[in-house]
Amino acid sequence: MTFRSVLRCSCALLVFLSFLSQHFTAWSALCFETAGSPCKMVREISEEVLQILRKSPPSSKPQNQDRLKKVWAVMMPHINSCEMAMRSLPAAYLPHMTRLQKEEFTDIYSRLLVQSYSLALDRYTRSKIFRLIFEEERIEGSRASVRSKLLTPKTKYVIAYRLHLQRDKWLIYDIGYNGMSQVENYRSQLDRIGKKFGYDYREVRNRIRKRLKPSLRNLPGPQIKMRFWGVCQK
């Protein structure tokens with residue numbers, strides 16, 4: 001191959017790469033410990049929650065409630081409560097809800113997600129031997145996903161996180177277990193309840209409150225104020 005041919009090939013490659021960079025912003029990679037990466041943030045949260053669960057096994061009901069309080073304190077600064085609520089609540093509820101009810105739903109639903117995450121990790125790590133592996137992070141503009149595996153001698157659990165970049169900070173708005181999105185699962189449940197009870201928000205509120213452990217149900221949390229539906233006021 002002549003020098004001129006090599007030069008033409010190189011120019012063609014540069015044009016092609018330039019096209020890719022302009023039209024395809026999604027990319028995926030192994031989880032590296034780079035500062036500010038969604039994978040690093042999720043890893044740190046997961047390890048801190050696991051440490052809480054492992055240090056204080058639920059030997060009594062009060063102790064179990066205390067663990068949930070600690071997990072809540074760790075996770076809440078890293079959860080996009082308003083976006084999570086918007087994605088989970090079917091739109092048919094909204095015409096019947098006041099602004100205060102939307103903020104109330106966002107608050108109690110955030111508590112439910114934290115409780116579900118804590119109970120899931122607790123259940124998955126009852127084996128004394130387990131490994132938590134972070135396999136991949138995928139970033140597409142202001143959205144990202146992080147995929148992890150929790151391995152025990154007998155089984156494997158896949159835990160996937162979906163995040164949104166807000167003011168230079170990655171925030172979680174969905175957590176999936178073995179391919180099941182928590183947001184999509186609850187959205188489906190809330191839609192079935194709505195069809196049965198005329199999309200009455202009070203029915204949803206009462207059901208969620210019954211599912212919450214007392215420590216989370218009664219725990220004072222950050223006061224949620226919305227700029228508009230789906231966007232929290234910072």
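Just above, that's the structure.
Residues numbered from 1 in each chain as written. Predicted model: local features only at pLDDT ≥ 70, side-chain atom pairs only at ≥ 80, totals over all residues. Heavy atoms only, no water.

A.B. asks: Quick question: what am I supposed to make of the environment of Thr98 here?
C.D. replies: Counting through the fold element by element, Thr98 comes out in the loop between α4 (81-88) and α5 (99-124). Expressed as a C-alpha distance, the spacing of Thr98 and Tyr201, which sit 103 residues apart in the sequence, is 9.8 Å. (Helix = DSSP H or I, 4+ residues; strand = E, 2+ residues; numbered from the N terminus.)

A.B. asks: In this structure, what is going on with helix α7 (residues 201-211)? I would like to understand it.
C.D. replies: One turn of the α-helix equals 3.6 residues, which is why residues spaced by three or four share an orientation. Listed as buried for α7 are Tyr201, Val204 and Ile208. Projected onto a plane normal to the axis of α7, the buried residues spread over an arc of 60° and lie on a single side. Contacts made by the buried residues of α7 are with α5 and α6 (182-197). Measuring from the side-chain oxygen of the N-cap residue of α7 to the backbone nitrogen of Arg202 gives 3.0 Å; that N-cap residue is Asp200. (Buried < 20%, exposed > 50% of the residue type's maximum accessible area, 1.4 Å probe, protein only. Arc of directions from axis to C-beta. Contact = heavy atoms within 4.5 Å. Polar contact = N/O pair within 3.5 Å; in protein donor to acceptor, adjacent residues only side chain to side chain.)

A.B. asks: Explanation requested: the environment of Arg147 in the structure shown.
C.D. replies: With respect to the helices and strands, the residue Arg147 is situated in strand β3 (residues 143-151). Not counting residues up to four positions away in its chain, the partners in contact with Arg147 are Ile133, Phe134, Glu135, Glu136, Val158, Ile159 and Ala160.

A.B. asks: Explanation requested: the packing of aromatic side chains in the structure shown.
C.D. replies: Two aromatic rings are characterised by how far apart their centres lie and by the angle between their planes. Overall, the coordinates contain 5 aromatic pairs when judged by the stated rule. Look at Tyr93 and Tyr199: their rings are 5.0 Å apart centre to centre, the planes differ by 80°, and that puts the pair in the edge-to-face class. With Tyr93 in the loop between α4 and α5 and Tyr199 in the loop between α6 and α7, this residue pair connects regions lying 106 residues apart in the sequence. Per residue, the accessibility class of Tyr93 equals that of Tyr199, and both read buried. An aromatic cluster is defined as three or more aromatic residues linked by ring pairs; in this entry it consists of Phe105, Tyr109, Tyr186 and Tyr201. (Phe/Tyr/Trp six-rings, centres within 6.5 Å; stacked < 30°, edge-to-face > 60°.)

A.B. asks: Mind showing me how you'd approach the nonpolar core here?
C.D. replies: Where a protein is soluble and globular, its nonpolar side chains tend to be buried together. The biggest cluster of nonpolar side chains holds 56 residues, and the ones touching the most others in it are Val49, Met75, Phe105, Tyr161, Leu163 and Ile175. Discounting chain neighbours no more than four positions away, the residues touching Val49 are Val71, Val74, Met75, Tyr117 and Leu121. (Core = buried A, V, L, I, M, F, W, Y, C linked by side-chain atoms within 4.5 Å.)

A.B. asks: What is the right way to read the pattern of salt bridges from this model?
C.D. replies: One side chain can pair with another of opposite charge once the charged atoms of both are near each other. What the rule picks out here adds up to 15 salt bridges. Its salt-bridge partner being Arg143, residue Glu83 comes within 2.3 Å of it at the nearest N-O pair. Separated by 60 residues along the polypeptide, Glu83 in helix α4 and Arg143 in strand β3 bring together distant segments of the chain. In this structure Glu83 comes out as buried when scored by relative accessible area, which is 5%. For Arg143, a relative accessible area of 29% corresponds to the partly exposed category. Here Arg162 makes a salt bridge to Asp174, at a shortest N to O gap of 3.1 Å. With Arg162 in strand β4 (residues 156-166) and Asp174 in strand β5 (residues 169-177), this residue pair connects regions lying 12 residues apart in the sequence. Judged by its relative accessible area of 29%, Arg162 is partly exposed. One continuous salt-bridge network, built from bridges that share partners, spans Glu83, Arg87 and Arg143. (Salt bridge = Lys/Arg side-chain N within 4 Å of Asp/Glu carboxyl O.)

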